[in-house]
Amino acid sequence: IKKKNKLLKALSIRPKNQNDLLKSEIEKGKNISEKKDWLWHQLLSAMSTMGNSRGYAGLIEEQKTYSKVAFSNLKQLKSLNQINDNLYDALNTAKVRMPKTKTKWLINNWMMIEDCGGIEKIQTFILNTSGRATKIRMMKLFDGIGEKYARNIFMGMYHKDFINSIAIDERILDISGALEIDSKNIKYQEHENIFVQLANEANISPWELDRLLYF
């Protein structure tokens, strides 16, 4: 209880720069949601941070590398082998973990997007599905996307259905350990609910809590 109260106090007296960072994340999310290829962009982002967040800078923020795997540029290539080579080269250059495995996942996801009628059609379909649970189930159909990233993809876009979500990752697990939460023996949703309640006690949204714990 003491550690929990200490965390709640820290959240209540957080420095102004963290509030500025939250505003920046919201704007960033809105910009991502307006991308014509937001789904592919978010799948790339997920692969870049999975296992180690350092890959994000090399793949997403490095324009020369990102251009090799941007949806519009990949569409101009003539074969899946060329797409595969571009993906692997970019992931490897960006020092993304497990580049071979993630390239395979991305190729499979690329084919699924194409089989569903293309990027615009599948994005519209996903966004038009009702509620958070359905969107999570849909995202988990993509290779490499589990409970965490099925949420984080939409949280990164500041989607209204995911303001009450928490993406359980290593930082959350570390905090859970400090709070003596038995994270190994509870389901993802139960674990998420604990932090949603914590956010409510701190008078902030779970989305804000998730981002603040990352900062």
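Everything that follows concerns the structure shown earlier in this document.
Below: a short report on this structure.

## Description of the packing of aromatic side chains
Right, so step 1: One pass over the full model with this rule turns up 6 aromatic pairs.
Right, so step 2: Summarising the aromatic geometry, the rings of W40 and F71 are spaced 6.1 Å apart at their centres and angled 70 degrees between planes, so their arrangement reads as edge-to-face. Placement of the pair is W40 in helix 3 (residues 38-49) and F71 in helix 6 (residues 71-75), with a sequence separation of 31 residues. F71 shares its class with W40; the two are buried.
Right, so step 3: On the basis of an interplanar angle of 10 degrees and a centroid distance of 4.7 Å, the ring pair of F154 and F162 is categorised as stacked.
Right, so step 4: Taking relative accessible area as the criterion, F154 reaches 0% and is therefore assigned buried.
Right, so step 5: Taken together, W38, F154 and F162 form an aromatic cluster joined through their ring pairs.

## Points about the pattern of salt bridges
Right, so step 1: Within this structure, the stated rule accounts for 13 salt bridges.
Right, so step 2: A salt bridge links D169 to R171, with the shortest nitrogen-to-oxygen separation between them at 2.5 Å. Like D169, the residue R171 is buried in the burial classification.
Right, so step 3: Among the charged side chains, a salt-bridge network with shared partners connects R132, K140, E147, R151 and E192.

## A few points about the layout of surface pockets
In this approach a probe as big as a water molecule rolls over the atoms, and the regions it shows empty are the leftover space.
Right, so step 1: Here the largest pocket defines a volume of roughly 730 Å³.
Right, so step 2: Along the walls of the largest pocket sit 27 residues, with T49, K148, Y149, N152 and Y214 positioned nearest its centre.
Right, so step 3: If you list the elements that add at least two residues to the lining of the largest pocket, you get helix 2 (16-33), helix 3, helix 11 (147-155), helix 12 (170-178) and helix 14 (206-214).
Right, so step 4: Per-element tally for the lining of the largest pocket: the top contributor is helix 11, with 5 residues.
Right, so step 5: The residue makeup of the lining of the largest pocket, split by class, is 10 nonpolar, 9 polar and 8 charged.
Right, so step 6: There is about 170 Å³ of room inside the second largest pocket.
Right, so step 7: Around the second largest pocket, the lining residues are I1, K2, K3, K4, A178, L179, E180, I181, I194, L198 and E201.
Right, so step 8: For the lining of the second largest pocket, the secondary-structure elements that each account for two or more residues are helix 1 (2-12) and helix 13 (188-201).
Right, so step 9: For the lining of the second largest pocket, the residue count by class is 6 nonpolar, no polar and 5 charged.

## Concerning the packing of helix 13 against helix 14
Right, so step 1: In the contact formed by helix 13 and helix 14, the axes pass within 8 Å of each other and the chain directions differ by 100 degrees. Relative to helix 14, helix 13 is oriented roughly perpendicular. Taken together, the residues of helix 14 that come into contact with helix 13 (itself represented by F195, V196, L198 and A199) are P206, L209 and L213.
Right, so step 2: In terms of residue class, the contact of helix 13 with helix 14 is built from 7 nonpolar, no polar and no charged.

## Considerations on unusual backbone geometry
Right, so step 1: Non-glycine residue M98 carries a positive phi angle of around 50 degrees.
Right, so step 2: Considering the arrangement of structural elements, one finds M98 in the loop between helix 7 (80-93) and helix 8 (99-115).
Right, so step 3: Unusually for a residue other than glycine, Y158 sits at a positive phi of about 55 degrees.
Right, so step 4: Within the secondary structure, Y158 sits in the loop between helix 11 and helix 12.
Right, so step 5: Residue classification places Y158 among the partly exposed residues on the basis of a relative accessible area of 30%.

Analysis parameters
- Residues numbered from 1 in each chain as written.
- Predicted model: local features only at pLDDT ≥ 70, side-chain atom pairs only at ≥ 80, totals over all residues.
- Heavy atoms only, no water.
- Phe/Tyr/Trp six-rings, centres within 6.5 Å; stacked < 30°, edge-to-face > 60°.
- Helix = DSSP H or I, 4+ residues; strand = E, 2+ residues; numbered from the N terminus.
- Buried < 20%, exposed > 50% of the residue type's maximum accessible area, 1.4 Å probe, protein only.
- Salt bridge = Lys/Arg side-chain N within 4 Å of Asp/Glu carboxyl O.
- 1 Å grid on protein atoms, 1.4 Å probe; cavity = no way out; pocket = protein on both sides within 12 Å on 5 of 7 lines; lining within 4 Å.
- Points joined across faces, edges and corners; volume = space filled by probe spheres on them.
- Nonpolar A, V, L, I, M, F, W, Y, C, P; charged D, E, K, R; others polar.
- Axes fitted to C-alpha atoms, helices over the stretch in contact; angles between N-to-C directions.
- Parallel < 35°, antiparallel > 145°, perpendicular 65-115°, else oblique.
- Contact = heavy atoms within 4.5 Å.

Interpretation note: all reported values are geometric properties and have no functional meaning in isolation.
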